[in-house]
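Structure assessment
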Amino acid sequence: MSCRACSGPVEEFFDFGRHPLSDAFLLPEEIADEFFYRLAVGVCKSCTMVQLTEEVPRDRMFREDYPYQSSMSSGMRDHFTRTAHQLMEERCHGADPFVVEIGCNDGVMLKTVAESGIRHLGVDPSRDVVELAADKGVQVLVDFFQRSTAAQIKEEHGPADVIYAANTICHIPYLDSVFEGVDTLLTPDGVFVFEDPYLGDVVERTSFDQIYDEHFYLFSASSVRATARRFGFELVDVERLPVHGGEVRYTIARAGHHEPTPGVAHMIAEENRRQIVDAAILEQFAMQVKRNCEDLVSLIRRLRESGHSVAAYGATAKSATVTNYCGIGTDLVSHIFDSTSAKQGRVSPGMHIPIRSLEDLSSSRPDYLLLFAWNHAEEIIAREAHFREKGGKWILYVPEVHVV
Ligand code: SAH
Ligand code: TMP
Ligand code: ZN
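These notes cover the structure that comes with them.

Procedures and definitions
- Residues numbered from 1 in each chain as written.
- Chains lettered and ligands numbered in written order.
- Predicted model: local features only at pLDDT ≥ 70, side-chain atom pairs only at ≥ 80, totals over all residues.
- Heavy atoms only, no water.
- Near = heavy atom within 4 Å.
- Polar contact = N/O pair within 3.5 Å; in protein donor to acceptor, adjacent residues only side chain to side chain.
- Areas by Shrake-Rupley, 256 points an atom, 1.4 Å probe, with all protein chains shown as cover.
- Helix = DSSP H or I, 4+ residues; strand = E, 2+ residues; numbered from the N terminus.
- Nonpolar A, V, L, I, M, F, W, Y, C, P; charged D, E, K, R; others polar.
- Buried < 20%, exposed > 50% of the residue type's maximum accessible area, 1.4 Å probe, protein only.
- Right-handed = clockwise from strand over helix to strand, strands pointing away.
- Pairing = 2+ DSSP bridges.
- Axes fitted to C-alpha atoms, helices over the stretch in contact; angles between N-to-C directions.
- Parallel < 35°, antiparallel > 145°, perpendicular 65-115°, else oblique.
- Contact = heavy atoms within 4.5 Å.

1. So, the site of ligand 2
Of all residues adjacent to ligand 2, which total 20 residues, the nearest are Tyr68, Lys318, Asp338, Lys343 and His376. Serine 339 places a main-chain nitrogen or oxygen 2.8 Å from an oxygen atom of ligand 2. Contacts to ligand 2 include arginine 383, whose side-chain N or O atom sits 2.9 Å from an oxygen atom. Expressed as a share of its isolated accessible area of 490 Å², the protein-covered part of ligand 2 is 96%. No other element matches the 3 residues that helix α13 (residues 377–383) contributes to the shell around ligand 2. Residue composition of the shell around ligand 2, grouped by class: 7 nonpolar, 8 polar and 5 charged.

As structure tokens, this is what we get:
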């Protein structure tokens, strides 16, 4: 198979097997028609891009009722408010700046830009969540960002000074169309800034649940720079972010227009030193994934056998990888509690664990809660303080299985 980014040869290093769509929470009558694909991940020998080896059609994932809402976490709301101020202060100096966000979701970032009176546009194909952005006063276009959308935006609004995306570019297999769109839409001195889960952190922390249908790519500074260069761009800055278990924010500019910061060469040197795409390292990662999964299942099985009740918290997309790969069904975890109304009353993809509201958590009082939203651990453990005060315990599985 060949690399979706550069057409080079791809070597598969982990096959999770048959998996459902990670964000397809089902009504009982939808179970019979559930969609499955083969979840497997490989690395390009030529550009080092880590990617899925099977692509799910985009309209199956990003549809009218796509349920993920970015604003559910107060930590993420704070992160994106800070991001908006930073982008406006550093990148919006011209007379009438224009900011475009790819994958604006419910407007968590652009809300602050809109409130500041700066021209902006959010592009996102998932209608229900985009309507939440519009309700916040955000200008939106319900569509997939690609070459043609970029041309249409430029025609209607003129060029963009900043094109920003969070947790979205790694969702888009067709990077050629994205970069050509950015080339069309961006001003000569403009920047394309995007942040996504970092391969270096996934390997180091065994956060294998970052691998699922929507996360088509797992970026590193090396693979992003190689991709940018093929389209006449340069990676000019990198910043580590503590969100979602470890991300990197990449800043891309037209080649020759901005001097790369020393941080870029430093991060790439570190990636080379760690050999994060070396076959031996990836094999070690694969072994650690299997071990964590076995540890998790045997811990929950022991707890259940000794009469403890176990439920889960956070019906995350990530959890589809954990439940389906490890084989965690209702025999081990009775329910998943989640704050998203669009997920409640449905069952989880593949393993069909019922999703219930947070209000139901206090009445059902499980002994243990498996934290699928481990990336928001601090926020959630504080929010649900009464659970621990009453003797409840949290189970985490990143970087390894442990109870707190
Ligand atoms: N930026 C938000 C949302 C991330 S979820 C955050 O960081 O929390 C990913 C979002 O990307 C979804 O809302 C999805 O609808 C959108 N998306 C997927 N493919 C896209 C594409 N080609 N163009 C624009 N948005 C896309
Ligand atoms: P994420 O890890 O992909 O951001 O998803 C987090 C999920 O957890 C999402 O479905 C919302 C849910 N959630 C809660 O139920 N309670 C909370 O306090 C937080 C922060 C998230
Ligand atoms: Zn490649």
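From this point, things continue past the structure.
2. Side note on the pairing of strand β4 (residues 98–102)
Of all 5 residues that make up β4, 5 are buried, and the element is covered over most of its length. Burial along β4 is two-sided: the residues Phe98, Val100 and Ile102 and Val99 and Glu101 are all buried. Following the chain from β4 across helix α3 (residues 110–115) to the adjacent parallel strand β5 (residues 119–123), one finds a crossover that is right-handed. As defined by bridge partners, β4 adjoins strand β7 (residues 160–166) across 4 bridges and the pair is classed as parallel. Note on β7: the bridge partner recorded for glutamate 101 is tyrosine 164.

3. Structural notes on the pairing of strand β16 (residues 393–396)
Where strand β15 (residues 368–371) and β16 come together, 3 bridges link them in parallel fashion. Note that in β16 the partner of leucine 369 across the bridge is tryptophan 394. Summarising the sheet, β16 and strand β17 (residues 402–403) pair through 2 bridges and their orientation is antiparallel. Counted as the bridge partner of isoleucine 395 is valine 403 from β17. Taking the residues between adjacent antiparallel strands as the criterion, β16 and β17 are bridged by 5 residues.

4. Digging into the packing of helix α10 (residues 279–305) against helix α11 (residues 318–326)
It is at 10 Å that the axes of α10 and α11 come closest, and there the two elements cross at 80 degrees. Comparing the axis directions of α10 and α11 gives the class roughly perpendicular. Contacts between α10 and α11 involve Val289, Lys290, Cys293, Leu296 and Val297 from the former and Val322, Tyr325 and Cys326 from the latter. For the contact of α10 with α11, the residue count by class is 7 nonpolar, no polar and 1 charged.

Keep in mind that these numbers describe shape and distance, not what the molecule does.
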